[in-house]
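Spelled out from the first residue to the last, the chains are:
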Amino acid sequence: MDADTVVGTELRGLRRRRPEIAGTVLAGTDGLLISSDLPSTDATHLAALAAASFGIGHRVADTVRCGEFRESVVRTSAGCVVTYPAGRSALLTLVTVSPGEDLEALHEEARAVARRAGTVVDRRGGGGVGTTAVPEAHGPLAVRTPMATLPTQLRRSSRPTWRRPPI
């Protein structure tokens, strides 16, 4: 059985067991769509938004040093959207239609599906759509070059180069 069939089977099984789920999206951490059962334009946009939500959540979890990112939940008046990491390079996003449902039971089952789907996506390798690995959280955000090492033509001169025009 190929990776797409396994992932599709996992997502369909989750929806069958949890009737409050209106749709599922499996996307790469780079925001590219891998698999979905939503209309294609909605799925593409949701994949990108899920990656943004994951990036912010991952960074917040790293900043406060209270453990790893587990999920991002957006509650609406008609349901919620939950994003889970799925392996090293994917995200599982669920759209639910019942805001009052037991979210803990949903989290437990969805995390298991995300783990299995993530394993399949990770095994498939980085050559597919939406499979950019999660960046190292403690890596440098930027590298600065000291001014002394820049060529002299790139350094700022002490003389102003702009003058106000005469009135």
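Residues numbered from 1 in each chain as written. Predicted model: local features only at pLDDT ≥ 70, side-chain atom pairs only at ≥ 80, totals over all residues. Heavy atoms only, no water.

Summing up its helical and strand segments, the chain has three helices and five strands in all. Secondary structure elements in the chain, listed N-terminal to C-terminal, are α-β-β-α-β-β-β-α. In the chain, buried positions account for 35% of the 167 residues. Nonlocal contacts in the chain, meaning residues at least 24 apart in sequence, comprise 53% of its contacts between residues at least 6 apart. As displayed, the chain offers around 10,900 Å² of accessible surface, 56% of which is attributable to carbon and sulfur atoms. (Helix = DSSP H or I, 4+ residues; strand = E, 2+ residues; numbered from the N terminus. Buried < 20%, exposed > 50% of the residue type's maximum accessible area, 1.4 Å probe, protein only. Contact = heavy atoms within 4.5 Å. Areas by Shrake-Rupley, 256 points an atom, 1.4 Å probe, with all protein chains shown as cover.)

When pLDDT is averaged across the chain, the result is 79; 73% of the residues are at 70 or more. Within the model, pLDDT remains below 50 along residues 126-138, and this stretch shows 33 contacts once partners closer than five positions in the same chain are excluded. (pLDDT = per-residue confidence, 0-100.)

Let's shift gears to the nonpolar core. Within the largest apolar cluster, 21 residues are counted, with the highest numbers of intra-cluster contacts made by Leu 26, Tyr 84, Leu 92 and Leu 94. At the level of elements, α1 (3-17), β1 (21-28), β4 (79-86), β5 (90-96) and α3 (103-124) are the ones that each hand at least two residues to this core. A total of eight residues in this core trace back to one element, the largest contributor, which is α3. When sequence neighbours within four positions are dropped, the list of residues in contact with Tyr 84 reads Arg 70, Glu 71, Ala 90, Leu 91, Leu 92, Leu 94, Leu 106, His 107, Ala 110, Arg 111 and Ala 114. Residues Ala 50, Ala 51, Ala 61 and Phe 69 belong to the second largest nonpolar core, which totals six residues. (Core = buried A, V, L, I, M, F, W, Y, C linked by side-chain atoms within 4.5 Å.)

For the rest of this paragraph, the subject is the environment of Ile 34. Take Ile 34: it is sitting in strand β2 (residues 33-36). Considering only alpha carbons, one finds Ile 34 and Ala 90, 56 residues apart in sequence, at a separation of 8.5 Å.

Now for the packing of aromatic side chains. On inspection of all chains with the given rule, the structure shows one aromatic pair. Plain terms: the ring middles of Phe 54 and Phe 69 are 5.2 Å apart, the flat faces sit at 80° to each other, and that makes the pair edge-to-face. A residue pair is termed long-range when its members are at least 10 positions apart, and Phe 54 in helix α2 (residues 40-64) and Phe 69 in the loop between α2 and β3 (72-76) qualify at 15 residues. (Phe/Tyr/Trp six-rings, centres within 6.5 Å; stacked < 30°, edge-to-face > 60°.)

Taken in spatial order, the five strands make up an open sheet running β2-β1-β5-β4-β3, and their pairing is antiparallel. At either end of the open sheet lies a strand with only one pairing partner, and these are β2 and β3. Across the sheet, the axes of successive neighbouring strands diverge by a mean angle of 15°, strand direction being ignored. Where β1 and β5 come together, seven bridges link them in antiparallel fashion. The residue of β5 that forms the bridge with Ile 21 is Thr 96. (Pairing = 2+ DSSP bridges. Axes fitted to C-alpha atoms, helices over the stretch in contact; angles between N-to-C directions.)

Moving on to the pattern of salt bridges. Throughout the structure, instances matching the rule amount to eight salt bridges. Arg 15 is the salt-bridge partner of Asp 37, the closest N and O atoms lying 2.6 Å from each other. With Asp 37 in the loop between β2 and α2 and Arg 15 in helix α1, the pair connects residues that are 22 residues apart, well separated along the chain. Looking at Asp 37, the relative accessible area reads 36%, which means it is partly exposed. Of the residues examined, Arg 15 reaches a relative accessible area of 29% and is grouped as partly exposed. A salt bridge links Arg 59 to Asp 62; the shortest N-O distance between them is 3.8 Å. Of this pair, Arg 59 and Asp 62 both sit in helix α2, three residues apart, which is roughly one turn of the helix. Counted as one network, the salt bridges with shared partners bring together Arg 17, Arg 18, Glu 20 and Glu 109. (Salt bridge = Lys/Arg side-chain N within 4 Å of Asp/Glu carboxyl O.)

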